[in-house]
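The primary structure of each chain is shown beneath.
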Amino acid sequence: MTEPDGGAVPVIAIDGPGGAGKGTICRRVAARLGWILLDSGALYRLVGLDALRKGVDLGDEQGLAALARSLDAVFVPGPDEVHAQLGGVDVTEVIRAEPVGRAASRVAAIPAVRVALIDRQRAFRRLPGLVADGRDMGSVVFTDSALKIYLTASAEERARRRYKQLKDKGIDVSLSALSRDMVDRDRRDAERSVAPLKVCDDARVLDTTAMTIDTVVATVLEWSREVFPQAGA
Ligand code: DC
(Lines give C-alpha, C1' and ligand atoms only; values in the text may rest on other atoms or scores of the structure.)
Protein backbone atom coordinates (compact mmCIF):
# COMPACT_ATOMS: atom_id res chain seq x y z
CA MET A 1 0.00 0.00 0.00
CA THR A 2 2.48 2.61 -1.14
CA GLU A 3 1.47 6.19 -1.24
CA PRO A 4 0.68 7.21 -4.82
CA ASP A 5 3.02 9.69 -6.37
CA GLY A 6 0.82 12.61 -5.52
CA GLY A 7 3.77 14.97 -5.22
CA ALA A 8 2.25 17.32 -7.76
CA VAL A 9 -0.99 17.51 -5.81
CA PRO A 10 -0.71 19.62 -2.66
CA VAL A 11 -2.34 18.35 0.54
CA ILE A 12 -3.19 20.20 3.71
CA ALA A 13 -3.48 17.53 6.41
CA ILE A 14 -5.59 18.68 9.34
CA ASP A 15 -5.76 16.37 12.33
CA GLY A 16 -7.02 16.74 15.86
CA PRO A 17 -9.55 15.56 18.41
CA GLY A 18 -13.32 15.63 17.93
CA GLY A 19 -15.05 18.94 18.39
CA ALA A 20 -11.95 21.03 17.65
CA GLY A 21 -13.78 22.59 14.70
CA LYS A 22 -11.95 20.67 11.99
CA GLY A 23 -15.09 19.99 9.96
CA THR A 24 -16.10 23.63 9.66
CA ILE A 25 -12.54 24.88 9.19
CA CYS A 26 -11.68 22.31 6.53
CA ARG A 27 -14.91 22.97 4.64
CA ARG A 28 -14.28 26.70 4.58
CA VAL A 29 -10.59 26.43 3.71
CA ALA A 30 -11.34 23.99 0.88
CA ALA A 31 -14.06 26.32 -0.46
CA ARG A 32 -11.75 29.35 -0.34
CA LEU A 33 -8.93 27.53 -2.11
CA GLY A 34 -11.25 25.71 -4.52
CA TRP A 35 -9.67 22.43 -3.37
CA ILE A 36 -11.20 19.01 -2.80
CA LEU A 37 -12.31 18.10 0.71
CA LEU A 38 -11.85 14.74 2.40
CA ASP A 39 -13.85 14.17 5.58
CA SER A 40 -12.19 10.91 6.60
CA GLY A 41 -14.25 10.69 9.80
CA ALA A 42 -17.34 10.35 7.62
CA LEU A 43 -15.89 7.15 6.16
CA TYR A 44 -15.49 5.62 9.63
CA ARG A 45 -18.99 6.83 10.52
CA LEU A 46 -20.35 5.18 7.35
CA VAL A 47 -18.73 1.88 8.29
CA GLY A 48 -20.19 2.26 11.80
CA LEU A 49 -23.65 2.96 10.40
CA ASP A 50 -23.44 0.08 7.94
CA ALA A 51 -22.48 -2.25 10.82
CA LEU A 52 -25.37 -1.04 13.00
CA ARG A 53 -27.83 -1.44 10.16
CA LYS A 54 -26.61 -4.85 9.07
CA GLY A 55 -26.27 -6.11 12.63
CA VAL A 56 -22.53 -6.76 12.35
CA ASP A 57 -21.11 -6.99 15.87
CA LEU A 58 -18.73 -4.14 16.70
CA GLY A 59 -16.30 -6.72 18.05
CA ASP A 60 -16.28 -8.72 14.81
CA GLU A 61 -13.06 -7.43 13.25
CA GLN A 62 -13.18 -9.58 10.12
CA GLY A 63 -16.84 -8.77 9.51
CA LEU A 64 -16.20 -5.05 9.91
CA ALA A 65 -13.16 -5.12 7.65
CA ALA A 66 -15.28 -6.86 5.00
CA LEU A 67 -17.89 -4.11 5.35
CA ALA A 68 -15.22 -1.44 4.98
CA ARG A 69 -13.81 -3.10 1.87
CA SER A 70 -17.18 -3.29 0.17
CA LEU A 71 -18.60 -0.02 1.54
CA ASP A 72 -21.10 1.33 -0.97
CA ALA A 73 -20.41 4.96 -0.15
CA VAL A 74 -20.44 8.03 -2.38
CA PHE A 75 -19.71 11.65 -1.51
CA VAL A 76 -21.68 14.22 -3.46
CA PRO A 77 -20.54 17.85 -3.15
CA GLY A 78 -23.48 20.17 -2.42
CA PRO A 79 -23.66 23.96 -2.17
CA ASP A 80 -22.98 24.03 1.61
CA GLU A 81 -21.68 20.62 2.46
CA VAL A 82 -20.62 17.32 1.00
CA HIS A 83 -23.46 14.81 1.14
CA ALA A 84 -22.71 11.24 2.13
CA GLN A 85 -24.66 8.41 0.56
CA LEU A 86 -24.73 4.83 1.73
CA GLY A 87 -26.25 2.36 -0.71
CA GLY A 88 -27.55 5.30 -2.75
CA VAL A 89 -29.40 6.86 0.22
CA ASP A 90 -28.44 10.24 1.71
CA VAL A 91 -27.19 9.68 5.27
CA THR A 92 -25.42 13.03 5.82
CA GLU A 93 -27.46 13.79 8.94
CA VAL A 94 -27.77 10.21 10.18
CA ILE A 95 -24.01 9.70 10.47
CA ARG A 96 -23.70 12.74 12.77
CA ALA A 97 -25.80 11.12 15.52
CA GLU A 98 -23.91 10.11 18.65
CA PRO A 99 -24.58 6.34 18.44
CA VAL A 100 -23.04 6.34 14.97
CA GLY A 101 -20.09 8.38 16.30
CA ARG A 102 -19.57 5.80 19.05
CA ALA A 103 -19.70 2.94 16.53
CA ALA A 104 -17.26 4.86 14.29
CA SER A 105 -14.80 5.18 17.14
CA ARG A 106 -14.97 1.39 17.73
CA VAL A 107 -14.51 0.46 14.07
CA ALA A 108 -11.72 3.03 13.66
CA ALA A 109 -9.65 1.15 16.25
CA ILE A 110 -9.55 -1.98 14.05
CA PRO A 111 -6.36 -2.19 11.94
CA ALA A 112 -7.99 -4.13 9.07
CA VAL A 113 -10.73 -1.50 8.77
CA ARG A 114 -8.15 1.29 8.56
CA VAL A 115 -6.16 -0.57 5.90
CA ALA A 116 -9.36 -1.15 3.92
CA LEU A 117 -10.05 2.60 3.83
CA ILE A 118 -6.59 3.90 2.93
CA ASP A 119 -6.79 3.73 -0.86
CA ARG A 120 -10.27 5.21 -0.81
CA GLN A 121 -8.89 8.20 1.10
CA ARG A 122 -5.85 8.62 -1.15
CA ALA A 123 -8.11 8.65 -4.21
CA PHE A 124 -9.34 12.09 -3.06
CA ARG A 125 -5.90 13.52 -3.83
CA ARG A 126 -6.58 15.32 -7.07
CA LEU A 127 -5.69 18.68 -8.55
CA PRO A 128 -5.81 21.50 -7.70
CA GLY A 129 -5.31 20.22 -4.14
CA LEU A 130 -6.79 18.44 -1.14
CA VAL A 131 -7.81 19.52 2.33
CA ALA A 132 -7.86 16.32 4.40
CA ASP A 133 -9.67 16.24 7.74
CA GLY A 134 -9.03 13.42 10.22
CA ARG A 135 -6.87 11.90 12.93
CA ASP A 136 -4.04 10.35 10.90
CA MET A 137 -3.95 12.45 7.73
CA GLY A 138 -0.41 13.69 8.43
CA SER A 139 0.89 10.60 10.24
CA VAL A 140 -0.38 7.79 7.96
CA VAL A 141 -2.48 8.66 4.93
CA PHE A 142 -0.67 11.70 3.50
CA THR A 143 2.72 11.54 5.21
CA ASP A 144 4.31 13.67 2.47
CA SER A 145 1.87 16.55 3.00
CA ALA A 146 3.80 19.82 3.06
CA LEU A 147 1.36 21.45 5.48
CA LYS A 148 0.27 19.45 8.53
CA ILE A 149 -1.87 21.14 11.12
CA TYR A 150 -2.95 19.81 14.51
CA LEU A 151 -6.13 21.63 15.40
CA THR A 152 -7.19 21.41 19.01
CA ALA A 153 -9.16 23.11 21.79
CA SER A 154 -9.78 22.43 25.48
CA ALA A 155 -12.04 19.45 26.24
CA GLU A 156 -14.70 21.75 27.78
CA GLU A 157 -14.77 24.00 24.74
CA ARG A 158 -14.94 21.02 22.36
CA ALA A 159 -17.86 19.51 24.25
CA ARG A 160 -19.61 22.88 24.22
CA ARG A 161 -19.15 23.24 20.46
CA ARG A 162 -20.37 19.72 19.74
CA TYR A 163 -23.37 20.36 22.01
CA LYS A 164 -24.29 23.54 20.15
CA GLN A 165 -23.81 21.86 16.78
CA LEU A 166 -26.18 19.01 17.72
CA LYS A 167 -28.71 21.36 19.33
CA ASP A 168 -28.76 23.49 16.19
CA LYS A 169 -29.64 20.38 14.24
CA GLY A 170 -32.48 19.65 16.67
CA ILE A 171 -30.68 16.67 18.16
CA ASP A 172 -31.30 16.44 21.90
CA VAL A 173 -28.26 15.60 24.05
CA SER A 174 -27.02 16.42 27.53
CA LEU A 175 -23.81 18.42 27.82
CA SER A 176 -22.46 16.27 30.65
CA ALA A 177 -23.11 13.02 28.75
CA LEU A 178 -21.46 14.55 25.71
CA SER A 179 -18.39 15.60 27.72
CA ARG A 180 -18.02 12.10 29.15
CA ASP A 181 -18.42 10.58 25.71
CA MET A 182 -15.85 12.95 24.26
CA VAL A 183 -13.26 12.10 26.94
CA ASP A 184 -13.86 8.37 26.31
CA ARG A 185 -13.57 8.77 22.59
CA ASP A 186 -10.43 10.95 22.85
CA ARG A 187 -8.86 8.27 24.98
CA ARG A 188 -9.79 5.50 22.55
CA ASP A 189 -8.52 7.51 19.55
CA ALA A 190 -5.22 8.33 21.32
CA GLU A 191 -4.56 4.93 22.90
CA ARG A 192 -5.40 2.61 20.02
CA SER A 193 -2.49 0.63 18.64
CA VAL A 194 -2.94 1.71 15.01
CA ALA A 195 -2.79 5.28 13.80
CA PRO A 196 -3.38 6.81 17.24
CA LEU A 197 -4.27 10.47 17.33
CA LYS A 198 -0.98 12.29 17.90
CA VAL A 199 0.81 15.49 17.00
CA CYS A 200 3.26 14.82 14.13
CA ASP A 201 6.75 16.23 14.64
CA ASP A 202 6.32 18.35 11.54
CA ALA A 203 2.78 19.60 12.37
CA ARG A 204 1.87 23.15 13.31
CA VAL A 205 -0.32 23.16 16.39
CA LEU A 206 -3.28 25.52 16.44
CA ASP A 207 -5.19 25.80 19.73
CA THR A 208 -8.55 27.26 18.81
CA THR A 209 -10.04 27.44 22.33
CA ALA A 210 -10.14 31.22 22.35
CA MET A 211 -10.25 31.80 18.57
CA THR A 212 -13.21 32.58 16.33
CA ILE A 213 -13.83 30.42 13.28
CA ASP A 214 -12.93 33.35 11.01
CA THR A 215 -9.55 33.78 12.70
CA VAL A 216 -8.78 30.08 12.49
CA VAL A 217 -9.70 30.01 8.78
CA ALA A 218 -7.56 33.11 8.15
CA THR A 219 -4.59 31.51 9.93
CA VAL A 220 -4.85 28.27 7.95
CA LEU A 221 -5.17 30.23 4.68
CA GLU A 222 -2.11 32.31 5.57
CA TRP A 223 -0.10 29.14 6.21
CA SER A 224 -1.38 27.65 2.93
CA ARG A 225 -0.19 30.67 0.97
CA GLU A 226 3.17 30.46 2.70
CA VAL A 227 3.64 26.74 1.95
CA PHE A 228 1.84 26.60 -1.41
CA PRO A 229 2.40 29.97 -3.10
CA GLN A 230 0.31 28.74 -6.03
CA ALA A 231 -2.77 28.32 -3.82
CA GLY A 232 -5.16 31.05 -4.80
CA ALA A 233 -7.28 32.34 -1.91
O1 DC B 1 -14.13 13.29 13.09
P2 DC B 1 -15.28 12.37 13.36
O3 DC B 1 -15.91 12.61 14.72
O4 DC B 1 -16.30 12.37 12.28
O5 DC B 1 -14.67 10.90 13.40
C6 DC B 1 -15.44 9.78 13.71
C7 DC B 1 -14.56 8.70 14.37
O8 DC B 1 -13.62 8.20 13.43
C9 DC B 1 -13.75 9.20 15.58
O10 DC B 1 -13.87 8.28 16.65
C11 DC B 1 -12.34 9.21 15.11
C12 DC B 1 -12.31 8.25 13.96
N13 DC B 1 -11.41 8.72 12.89
C14 DC B 1 -10.21 8.08 12.76
O15 DC B 1 -9.89 7.18 13.54
N16 DC B 1 -9.36 8.43 11.75
C17 DC B 1 -9.69 9.43 10.91
N18 DC B 1 -8.84 9.76 9.95
C19 DC B 1 -10.92 10.12 11.07
C20 DC B 1 -11.76 9.73 12.08
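One structure accompanies this document, and this report is about it. (Residues numbered from 1 in each chain as written. Predicted model: local features only at pLDDT ≥ 70, side-chain atom pairs only at ≥ 80, totals over all residues. Heavy atoms only, no water.)

1. Some thoughts on the site of the ligand
Point 1. Within the structure, the ligand sits among 17 residues, and Ser40, Arg45, Arg114, Arg135 and Arg192 are positioned closest to it.
Point 2. Here an oxygen atom of the ligand sits 2.6 Å away from a polar atom, N or O, in the side chain of Arg45.
Point 3. A distance of 3.4 Å separates an oxygen atom of the ligand from a polar atom in the side chain of Asp189.
Point 4. Protein coverage of the free-state accessible area of the ligand, which is 450 Å², stands at 97%.
Point 5. Listing elements by their share of the shell around the ligand, those giving two or more residues are α2 (40–54), α4 (98–107) and α8 (175–191). (Near = heavy atom within 4 Å. Polar contact = N/O pair within 3.5 Å; in protein donor to acceptor, adjacent residues only side chain to side chain. Areas by Shrake-Rupley, 256 points an atom, 1.4 Å probe, with all protein chains shown as cover. Helix = DSSP H or I, 4+ residues; strand = E, 2+ residues; numbered from the N terminus.)

2. Things to note about the sheet that holds strand β1 (residues 11–15)
Point 1. Ordered in space as β2-β6-β1-β7-β8, the five strands form an open sheet in which the pairing is parallel. Pairing within the sheet leaves two strands with one partner each, and these edge strands are β2 (36–39) and β8 (203–207). Looking at each pair of strands side by side, their axes are set apart by 20 degrees on average, direction ignored.
Point 2. For β2 and strand β6 (residues 130–134), the ladder comprises four bridges, and the chain directions are parallel. Looking across to β6, one finds that Asp39 is bridged to Asp133.
Point 3. Its contacts with the sheet put α2 on β2 and β6, and the angle it makes with β2 is roughly 40 degrees. (Pairing = 2+ DSSP bridges. Axes fitted to C-alpha atoms, helices over the stretch in contact; angles between N-to-C directions. Contact = heavy atoms within 4.5 Å.)

3. So, the environment of Arg106
Point 1. With respect to the helices and strands, Arg106 occurs in helix α4.
Point 2. For the pair Arg106 and Arg185, spaced 79 residues apart in sequence, the C-alpha separation works out to 8.9 Å.
Point 3. Once residues lying within four places of it in the same chain are set aside, the contact partners of Arg106 are Leu58, Gly59 and Arg188.

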